Amino acid sequence: MEVPRICDTKPCTVELEPGVHWWCSCGLSGHQPFCDGSHKGTGLPPKKIVVDKPTLVNLCNCKRTKNPPYCDGSHADLAGG
């Protein structure tokens, strides 16, 4: 398993529409913070998010959260965070 790539040292605040969304856990997606399939072969699968109404969330971009896919402030421990 690889270590995820840090995409940013701050979370991404987005309003998710009802339905299924896939959060990128590997950091390789070109469509951050969402998965585009770039994780294949990394051992870092995306995390499924299901919402039933429009929901404002802070999604982790440093990929070090202990509560994926949500930001838990782990980025503050990174250099420059």
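The coordinates are above.
Residues numbered from 1 in each chain as written. Predicted model: local features only at pLDDT ≥ 70, side-chain atom pairs only at ≥ 80, totals over all residues. Heavy atoms only, no water.

Chemist: Please give an account of the nonpolar core that cites residues and values.
Modeler: In a soluble, globular protein the nonpolar side chains are often hidden away together inside. Counting residues in each nonpolar core, the largest one holds 11 residues, listed as Cys12, Val14, Leu16, Trp23, Phe34, Ile49, Val51, Val57, Leu59, Cys60 and Cys62. Going through the elements one at a time, β1 (12–16), β3 (47–51) and β4 (55–59) are the ones with two or more residues in this core. Take this core: its biggest share by element is three residues, from β1. Residues in contact with Val57, not counting those within four places in the same chain, are Cys12, Thr13, Val14, Leu16 and Tyr70. (Core = buried A, V, L, I, M, F, W, Y, C linked by side-chain atoms within 4.5 Å. Buried < 20%, exposed > 50% of the residue type's maximum accessible area, 1.4 Å probe, protein only. Helix = DSSP H or I, 4+ residues; strand = E, 2+ residues; numbered from the N terminus. Contact = heavy atoms within 4.5 Å.)

Chemist: So what about the side chain of Ser29? Which residues, and what values?
Modeler: Along the polypeptide, Ser29 turns up in the loop between β2 (19–23) and β3. You can call Ser29 buried: its relative accessible area is 6%. A distance of 2.6 Å separates a polar side-chain atom of Ser29 from the backbone oxygen of Phe34. Residues in contact with Ser29, not counting those within four places in the same chain, are Cys24, Phe34, Cys35, Asp36 and Ser38. (Polar contact = N/O pair within 3.5 Å; in protein donor to acceptor, adjacent residues only side chain to side chain.)

Chemist: I'd like to hear about the environment of Cys7, residue by residue, with values.
Modeler: Looking at where Cys7 falls in the secondary structure, it is placed in the segment before β1. A residue is classified by how much of its surface remains accessible, and Cys7, at 25% relative accessible area, is partly exposed. The spatial distance from the C-alpha of Cys7 to the C-alpha of Lys63 is 7.6 Å, given a sequence separation of 56 residues. Contact partners of Cys7, with chain neighbours within four places excluded, come to Gly27, Gln32, Asn61 and Lys63.

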